[in-house]
Structures are given as structure tokens and as C-alpha cells.
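Residue-level structural notes
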Amino acid sequence: MKYYVSVLAGAMSYGILSTIVVLAYGEGYKLGEVVGTQLITGFILSWMLALYTRFNIKRKQNNAGKSSTAPAHVFQKLTWKQRLMLMAAGTPTVITGLVYYQSLRYIPASLAIILLFQFTWISVLIQAVSKRQRPNKVTLFTLVILFGGTFLAAGFLEQGLGEFSGLGIALGLMAAVSYSLFVLFSGKAVPSAHPAFRSAWMVTGGLVLLCILFPPTFLFNGLIWSQLLVFGLLLGFFGAFIPPVLFAIGVPHIGGDMAGILGAVELPVAVLLSAIVLHEHVSLLQWFGVIVVLLGVALPELHKLRVKRTSPSYS
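Residues numbered from 1 in each chain as written. Predicted model: local features only at pLDDT ≥ 70, side-chain atom pairs only at ≥ 80, totals over all residues. Heavy atoms only, no water.

If you tally the helices and strands in the protein chain, you get 13 helices and zero strands. When the elements of the protein chain are put in sequence order from the N terminus, they spell out α-α-α-α-α-α-α-α-α-α-α-α-α. Counting over 315 residues, the protein chain shows a buried share of 47%. As presented, the protein chain carries roughly 16,600 Å² of accessible surface, and 69% of it is formed by carbon and sulfur atoms. (Helix = DSSP H or I, 4+ residues; strand = E, 2+ residues; numbered from the N terminus. Buried < 20%, exposed > 50% of the residue type's maximum accessible area, 1.4 Å probe, protein only. Areas by Shrake-Rupley, 256 points an atom, 1.4 Å probe, with all protein chains shown as cover.)

Structure follows, in C-alpha cells:
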């Protein structure tokens, strides 16, 4: 049970971010400052965890000696080529954060998270094109459900497309594409490495790219010691640190299929906080759309579980 709770808590942490970003904008802080403080916090916390993990590994090695039966990847020392691969795999998270957080300037947070969730069908499309395989009937049916749910959840049926910023919608969809690429690349980048080290090097790569795009002047002009530090700590803790750690704990025990279903809790959490904290209007029809989107996310995974249970096993 604790592994299910771990994945749920990690997904819920992601759902908190959009509300914090909107509050930071309300205090007058800029995009580079918000994302910069988030990544710096995540960088520090991730490397603290990595160093603690390394200390524990060395201690266990000294106690157990060379006869230790611990998994081989725990003791693997990364080469610089592997480190650079992980850093490169971490850069899409920065692009995702930048365009997603920028979209929050133009559209409600409840709509932005729904657009980000389009990564579900975008990932399917990317995989279908890369593998040159047509999606099966279950996948196509799922896409129809996702499109319908998104149309309702976004409020397009009630208010029409003309009521929303075209730039904001475009940025939200760009965030979904970037996140899809992150999911695609991160799973293939040095999978044998320990999760703590993988996370630390990926965050490092993201921070390097961000410093190039937005030089961290807030570190030197004193702005970091304002309320920006509070927002940065919250975003770094709930966005760049807690979810990867909790997912690393829970996913290996419950499997990727169930993790995908539980991870969808990010959507209702973000919409709920937008309504409660930011006082955004979310109608019953939009909530119905959110439920439809969640069903669309869960449908292919539930189908896989059903097939596994009904298929005969041979010993």
C-alpha cells in the first residue's frame, strides 16, 4: 500500500506547481526568476540526496565487502559520456517548465494543466511515427475520449475558443510536446544508473541550459532573499525533488502501468487548487471533462492489466 501512496503523493506534488507559479507572478516575479529559483533548489536537494546515497553505498560496501549481493547498478560509477547523456535528457524539463509557466500568464491554470496533459496522446503519436506502426483500436478509442474530455474540461463548449488566448493555448500545447520528449528520452538515458544519480545529473543539465537562456542575476542583485526564495523553495521541493524520489520508490514495486494511472491524479489536484486558491471558475461540465480525461488516461493501462489477467499462463 505504501508504494501506491508514494506514487500518488509524487503526482499530487506536480499538481501543486501551477498554483504556486501564478501566486509568484502575482508578486511581480518574472519567468526566469521563478524557474531559476526552482531549479537551483532542485539542484541542491538532488545532489544532497545523491551524496547521501553515495555515502550509504560506500558504507555498505565496506561492511559487506566484495561479496555483497546488492544490485550491480547501485555500485556503477558513471562515465562522463553517461553524465552528459543524462544532462541532455534533463533539458526538455526546462523547456517544459518555461513554456508551461509562460502559458500561465495568458490562460487560467486549470486550462494550462489540461493542455499539458495532452502529452498522453502526443507521446502515442511520436511513438507511432518513430516505429512506423499504426495505433491499435484501443489507443484510437482512447484518443477520441481524450479529445472529447479535453474539449469539455477546457471550457471550450461553454465559452468558445475565442474567449481564450491563442498564444496561451499554443504555449500549453508546446509544453505537452516538450514533456512527451522528456518522457521518451529520460527512460532511455542510462537506465542502469541509480535513480538518485540519474535525477541529480538530469537536474544539472536543466540548470545549465536555464542559466544560458536566463542568466541568474537574481542571485547577485539581492532579489533571491525576498519572497522569491519562498516560491523557489516550494517549487523546487514539490517539482524537482519530491516527485522523482517518490516515483523511484514506488514505481518499481507497482509497475509502470499502474503508475501511469495513479500519476493522472496530478490533473484534478491542479484544477482543484486553481478553483480554491486562485478562485478560477470551474463548472460542473468542466469537472465532468476532467473525469473523462482521467478515464482516457487510465483506459489503455486498464486494458493491458485485463489482458494480462485473462491470458493463460504456462509454467
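Take the nonpolar core next. If you look at the biggest cluster of nonpolar residues, it comprises 56 residues, and the most contacted ones within it are V34, Y101, I113 and L267. The leading source of residues in this core is helix α4 (residues 109-116), at seven residues. Residues A89, F182, A189 and M202 belong to the second largest nonpolar core, which totals 14 residues. (Core = buried A, V, L, I, M, F, W, Y, C linked by side-chain atoms within 4.5 Å.)

The next point concerns unusual backbone geometry. The phi torsion of most residues other than glycine is negative, and most of the peptide bonds are trans. We note that H279 has phi near 60 degrees; this positive angle belongs to a residue other than glycine. Mapped onto the secondary structure, H279 falls in the loop between α12 (266-276) and α13 (284-310). We classify H279 as exposed; its relative accessible area is 66%.

What the rule picks out here adds up to eight aromatic pairs. Taking the centre distance of 5.7 Å and the plane angle of 75 degrees together, the rings of W80 and W201 count as edge-to-face. Note that W80 is positioned in helix α3 (residues 80-103) and W201 in helix α9 (residues 195-213), a separation of 121 residues in sequence. Residue class for W201 comes out buried when judged on its relative accessible area of 14%. Plain terms: the ring middles of F119 and Y179 are 4.8 Å apart, the flat faces sit at 80 degrees to each other, and that makes the pair edge-to-face. Here Y179 lies in helix α8 (residues 166-186) and F119 lies in helix α5 (residues 119-131), a separation of 60 residues in the sequence. Accessibility expressed as a relative area gives 18% for F119, which makes it buried. (Phe/Tyr/Trp six-rings, centres within 6.5 Å; stacked < 30°, edge-to-face > 60°.)

Before going further, it helps to examine the packing of helix α1 (residues 2-26) against α12. Contact geometry of α1 with α12 gives a least axis separation of 8 Å together with a crossing angle of 35 degrees. The two elements α1 and α12 cross, and the hand of that crossing is right-handed. Of the residues in α12, those touching α1 at A11, M12, Y14, G15, I16, S18 and T19 are E266, V269, A270, L273 and S274. Among the residues forming the contact of α1 with α12, the class breakdown is seven nonpolar, four polar and one charged. (Axes fitted to C-alpha atoms, helices over the stretch in contact; angles between N-to-C directions. Left-handed = near helix turned anticlockwise from the far one by under 90°. Contact = heavy atoms within 4.5 Å. Nonpolar A, V, L, I, M, F, W, Y, C, P; charged D, E, K, R; others polar.)

Okay, helix α6 (residues 137-153) next. Taking 1.5 Å per residue as the helical rise, α6 with its 17 residues ought to reach 24 Å, and the 24 Å between its terminal C-alpha atoms agrees with that figure. Those residues of α6 that sit buried are T139, T142, L143, I145, L146, G149, T150, L152 and A153. Backbone geometry just downstream of α6 places G155 in the positive-phi region, at approximately 85 degrees. (Expected span 1.5 Å × (residues − 1).)

Across the eight residues of α4, eight count as buried, placing the element largely inside the fold. Taken together, the buried positions of α4 are A109, S110, L111, A112, I113, I114, L115 and L116.

A few words on the packing of α5 against α6. Packed helix pairs are characterised by how far apart their axes lie and by the angle those axes make with each other. The N-to-C vectors of α5 and α6 enclose an angle of 145 degrees; their axes lie 10 Å apart at closest approach. Once α5 is placed against α6, the crossing between them reads as left-handed. Seen from α5, the contacting residues are T120, W121 and V124; seen from α6, they are T139, L143, L146 and F147. Here the contact of α5 with α6 is built from residues that sort into five nonpolar, two polar and no charged.

With that settled, consider the side chain of T96. Relative to the helices and strands, T96 resides in helix α3. Accessibility expressed as a relative area gives 8% for T96, which makes it buried. Within the structure, the side chain of T96 is placed 3.3 Å from the backbone nitrogen of Y179, a separation counted as a polar contact. (Polar contact = N/O pair within 3.5 Å; in protein donor to acceptor, adjacent residues only side chain to side chain.)

Position of F241 among the secondary structure elements: in helix α10 (residues 228-254). The class of F241 is buried, set by a relative accessible area of 15%. Remark: the alpha-carbon pair of F241 and L45, spanning 196 residues in sequence, is separated by 6.5 Å.

Below, the discussion takes up the side chain of E33. For E33, the position within the fold is in helix α2 (residues 31-64). Of the side chains with opposite charge, K30 comes closest to the buried, unpaired E33, at an N-O distance of 5.3 Å. Residues in contact with E33, not counting those within four places in the same chain, are F218, L223 and L228. (Lys, Arg positive; Asp, Glu negative; His and termini not counted. Salt bridge = Lys/Arg side-chain N within 4 Å of Asp/Glu carboxyl O.)

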